[in-house]
Amino acid sequence: KQEVTQIPAALSVPEGENLVLNCSFTDSAIYNLQWFRQDPGKGLTSLLLIQSSQREQTSGRLNASLDKSSGRSTLYIAASQPGDSATYLCAVRPGDDKIIFGKGTRLHILP
Amino acid sequence: GAVVSQHPSRVICKSGTSVKIECRSLDFQATTMFWYRQFPKKSLMLMATSNEGSKATYEQGVEKDKFLINHASLTLSTLTVTSAHPEDSSFYICSASAGGGNEQFFGPGTRLTVL
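The written sequence of each chain sets the order in which its residues are numbered from 1. Chain letters and ligand numbers both follow the written order, the letters beginning at A and the numbers at 1. At least 70 in pLDDT is required for a residue's local features to be given in this predicted model, at least 80 for side-chain atom pairs to be given and counted, and no such filter applies to totals for whole chains, interfaces and linings, which use all residues. Values shown for side chains rest on all heavy atoms present in the structure; no hydrogens or waters enter the calculation.

Q: What exactly am I supposed to notice about the overall build of chain A here?
A: When its secondary structure is counted, chain A shows zero helices and 11 strands. A run of H or I in DSSP counts as a helix once it spans at least four residues, and a run of E counts as a strand once it spans at least two, with each numbered from the N terminus. Starting at the N terminus and ending at the C terminus, chain A contains elements arranged as β-β-β-β-β-β-β-β-β-β-β. A principal-axis box enclosing the C-alpha atoms of chain A has dimensions of 40 × 25 × 20 Å. Across the 111 residues that make up chain A, the buried fraction comes to 41%. Note on contacts: a residue pair qualifies if any of its non-hydrogen atoms lie within 4.5 Å across the two residues. A fraction of 53% describes how many contacts in chain A between residues 6 or more apart in sequence connect residues 24 or more apart. Carbon and sulfur atoms form 49% of the exposed surface of chain A, whose accessible area is close to 5,300 Å². His is not counted, nor are the chain ends; Lys and Arg add positive charge and Asp and Glu add negative charge. All charge positions are set by atom: Lys at NZ, Arg at CZ, Asp at CG, Glu at CD. Between the averaged position of the 11 positive side-chain charges in chain A and that of its 10 negative side-chain charges there is a distance of 4 Å. Categorising residues by exposure relies on relative accessible area from a 1.4 Å probe, with only protein chains included: less than 20% of the type maximum marks a residue as buried, more than 50% marks it as exposed, and the intermediate range marks it as partly exposed. Using a 1.4 Å probe, the Shrake-Rupley method yields the accessible areas, and only the shown protein chains count as cover for residues.

Q: Would you mind going over the overall build of chain B with me for this structure?
A: A tally of regular secondary structure across chain B gives zero helices and 11 strands. Taken over C-alpha atoms, the radius of gyration is set against a globule rule of 2.2 Å times the number of residues to the power 0.38. A compact globule built from 115 residues should have a C-alpha radius of gyration of about 13 Å, and chain B, at 13 Å, falls within 12% of that. A principal-axis box enclosing the C-alpha atoms of chain B has dimensions of 40 × 25 × 25 Å. Out of the 115 residues belonging to chain B, those deemed buried represent 48%. Counted over contacts in chain B with a minimum sequence separation of 6, partners at least 24 positions apart contribute 55%. Total accessible area computed for chain B in this model is approximately 5,600 Å², and 52% of it derives from carbon and sulfur atoms. Side-chain charges in chain B split into 11 positive and 9 negative, and the spacing between the mean points of these groups amounts to 8 Å.

Q: Hey, could you run me through the pairing of strand β11 (residues 110-114) of chain B in this one?
A: Within a regular strand, side chains alternate between the sheet's two faces. Residues and elements named next belong to chain B. Judged by which residues are buried, β11 turns out to be one-sided: T110, L112 and V114 face inward and are buried, whereas R111 and T113, on the alternate face, are not. A strand pair is defined by DSSP finding two or more bridges across the two strands. Alignment of strand β2 (residues 10-13) against β11, held across four bridges, turns out to be parallel. The residue of β11 that forms the bridge with R10 is R111. The pairing of strand β9 (residues 90-97) with β11 spans three bridges and is antiparallel. Each residue of the ladder has a partner; that of F91, found in β11, is R111.

Q: Would you explain the sheet that holds strand β8 (residues 72-77) of chain A in this entry?
A: Backbone-to-backbone hydrogen bonds join strands into a sheet, with any given pair of strands oriented parallel or antiparallel. All names here are of chain A. Across the sheet, five strands lie side by side as β1-β3-β8-β7-β6; this open sheet has antiparallel pairing. One side of each edge strand has no neighbouring strand; the edge strands of this open sheet are β1 (4-7) and β6 (56-59). Shown here is a sheet whose adjacent strand axes are inclined to one another by a mean of 15 degrees, direction ignored. Here strand β7 (residues 62-67) runs beside β8; their pairing, made up of six bridges, is antiparallel. Across the sheet, residue D67 finds its bridge partner in β8, namely R72. Helix axes are fitted only over the stretch in contact, all axes being lines through C-alpha atoms; the angle between N-to-C directions runs from 0 to 180 degrees.

Q: Help me out: how do you make sense of the layout of surface pockets in this one?
A: The probe, sized like a water molecule, is rolled over the atoms to show the empty space still left. In this structure, the largest pocket spans a volume of roughly 690 Å³. Among the elements of the structure, β1 and β10 (100-101) of chain A together with β5 (44-51) of chain B are those that each provide at least two residues to the lining of the largest pocket. When residues of the lining of the largest pocket are assigned to their parent elements, the largest contribution, four residues, is made by β5(B). Under the grouping applied here, Gly and all other residues not named as nonpolar or charged are polar, the nonpolar ones being Ala, Val, Leu, Ile, Met, Phe, Trp, Tyr, Cys and Pro and the charged ones Asp, Glu, Lys and Arg. Among the residues forming the lining of the largest pocket, the class breakdown is 12 nonpolar, five polar and nine charged. A pocket, in this scheme, is an open set of points on a 1 Å grid over the protein atoms alone with protein on both sides within 12 Å along at least 5 of 7 lines, while a cavity is a set where a 1.4 Å probe fits but cannot get out; residues line either one if an atom lies within 4 Å of a point. Grid points are joined across faces, edges and corners, and a volume is the space filled by probe spheres set on the points.

Q: Sorry, what's going on with the pairing of strand β4 (residues 32-38) of chain A here?
A: Residues and elements named next belong to chain A. The buried fraction of β4 is high, at seven of seven residues. In β4, alternate side chains face the same way, and those of N32, Q34, F36 and Q38 on one face and L33, W35 and R37 on the other are all buried. Looking at chain direction, β4 and strand β5 (residues 44-51) are connected through seven bridges and run antiparallel. Bridging from a neighbouring strand, R37 pairs with T45 of β5. In this antiparallel pair of consecutive strands, β4 and β5, the connection spans five residues, and G41 shows a positive phi of 70 degrees.

Q: Please explain the state of the cysteines as it appears in this structure.
A: By definition, a disulfide links the sulfur atoms of two cysteines through a covalent bond. Residue and element names in this part refer to chain B. The disulfide criterion used throughout: a pair of cysteine sulfur atoms within 2.5 Å. Overall, the coordinates contain two disulfides over all chains when judged by the stated rule. Shown here is the disulfide that connects C23 with C94, its sulfur atoms set 2.0 Å apart. Taking the sign of the S-S torsion, 80 degrees for the link of C23 and C94, the bridge is right-handed. Of the two residues, C23 sits in strand β3 (residues 19-25) while C94 sits in strand β9, which places them 71 residues apart along the sequence.

The structure is reproduced here in structure tokens:
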């Protein structure tokens, strides 16, 4: 059974710092991995989607990596800003249409 | 990306009443729609998968008579929480896909509070 774990559960960093969020999954047989952002009480915003054949994806200050063999992904945020404060969710797609989510990392950027 | 809407965004109801939540794909035909539930500090949990024109497939532990799902058209799926109780209070999110392994696009969610 595929399980997705995100560490840490919560993180506070001063503005301007670079940071890394971690995601691990138990079954390396995945179709893709996706990082989402969720603001309090809001829906999901897709940030980056990495196909199983890819190693990383970049969008602006965000970079996500995927190491399928070790079951790990990282989301790197450069030059963090207060507006980056949110919960970041990692999700894997095992191969069928289902998506399995981690519990998320609550990020707080200190002004 | 494609746009998925949900209505209502928030609903407060009395215990024992039924609540219907709509999920619409606005600019594509959603062969498959998914309903998720999110508990505080927990993962989003898939409740059921629905394919247009057929019965929904429910995940283990989800009561199909409690959470009625209808996917009557390629742009609309509904989730009805029947005889709602306070423990049904949660954030419900739908997603839609054109099927065949295509990406899922998520709605903005519906906050249900049962008094």
